[in-house]
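# Working through the structure, step by step
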Amino acid sequence: MKKLRFILFIFTVALTMVSYANTSYAAIGSNSEQEKECITSNFIASYTSTCYSCDIVKTLSSAFIRAAAKAYDVSREAANAILVVGMILWIAIYVLKNISSFTTVEPRQMVQGLLVQFFKIFVAFTIINSGIPTILHYTMEPLMLAGTNFGDAILSSAPIGGM
């Protein structure tokens, strides 16, 4: 356990030093040795005044959010392209299957099948292009709310005092 804490502390120190890199070093063009060295007062102040992991959590979470936003833009364009190609292929196969069938094809059933598929594609397109907040609102929030309600139900059914 002590080794894990030590490794976590070293990792925290390294990431904090990276986060202070922009604010702790003086200008590159300066000739003074004192100005070129790392100013540790900001670093020490962060560990004595607040929790040492706050800067790490802030740095990591902002990096993850930026990466997710960039990945979402790229994947949204790819998903739209895949959706269009898939829709065209499905329509071609569906129409050829119904036309080349030996049974009599009822236009009403064929149009109904096409409309159902168009509705599915419309919903998928809307979900893909609506953005991350909408996706989180309709997927993650209900799951987290259900988990919270389940935990509250378990805690409220437990007797007071743990026994």
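Everything numeric here is computed off the predicted structure, so don't read it as measured data. (Residues numbered from 1 in each chain as written. Predicted model: local features only at pLDDT ≥ 70, side-chain atom pairs only at ≥ 80, totals over all residues. Heavy atoms only, no water.)

### Structural notes on the pattern of salt bridges
Taken as a whole, this structure holds 1 salt bridge when the rule is applied. Across the pair Glu106 and Arg108 runs a salt bridge, and its minimum N-O distance is 3.6 Å. Judged by its relative accessible area of 38%, Glu106 is partly exposed. (Salt bridge = Lys/Arg side-chain N within 4 Å of Asp/Glu carboxyl O. Buried < 20%, exposed > 50% of the residue type's maximum accessible area, 1.4 Å probe, protein only.)

### Some thoughts on the side chain of Asn80
Along the chain, the position of Asn80 falls in helix 5 (residues 54-99). Overall, the relative accessible area of 17% leaves Asn80 in the buried class. A distance of 3.0 Å separates a polar atom in the side chain of Asn80 from a polar atom in the side chain of Asn129. Aside from chain neighbours lying at most four places away, what touches Asn80 is Phe125, Ile128 and Asn129. (Helix = DSSP H or I, 4+ residues; strand = E, 2+ residues; numbered from the N terminus. Polar contact = N/O pair within 3.5 Å; in protein donor to acceptor, adjacent residues only side chain to side chain. Contact = heavy atoms within 4.5 Å.)

### Quick notes on helix 7 (residues 132-157)
Working note: α-helix, 3.6 residues per turn, so residues spaced by three or four point in the same direction. With 26 residues, helix 7 ought to run about 38 Å at 1.5 Å a step, and its terminal C-alpha atoms sit 36 Å apart, in line with that. By the largest-angle criterion, Met140 marks the main kink of helix 7, which is about 35°, and a proline, Pro142, follows within four residues. (Expected span 1.5 Å × (residues − 1). Bend = angle between axes of the 7 residues up to and from the residue.)

### Some words on a nonpolar patch on the surface
Among the surface-exposed residues, Ile132, Leu136, Met140, Leu143 and Met144 lie close enough to one another that they form a single nonpolar patch of about 470 Å² accessible area. Of note, Met144 is situated in helix 7. Met144 gets classed as exposed once you look at its relative accessible area, which sits at 54%. (Patch = residues over 30% accessible without salt bridge, like charges linked within 9 Å, V, L, I, M, F, W, Y side chains within 5 Å. Areas by Shrake-Rupley, 256 points an atom, 1.4 Å probe, with all protein chains shown as cover.)

### Some details on helix 6 (residues 107-130)
When the terminal C-alpha atoms of helix 6 are compared, their 34 Å separation across 24 residues agrees well with the 34 Å that a helix rising 1.5 Å per residue should span. Looking only at helix 6, the buried set comprises Met110, Gly113, Leu114, Gln117, Ile121 and Ile128. One or two residues past the end of helix 6 sits Gly131, with phi positive at roughly 105°.

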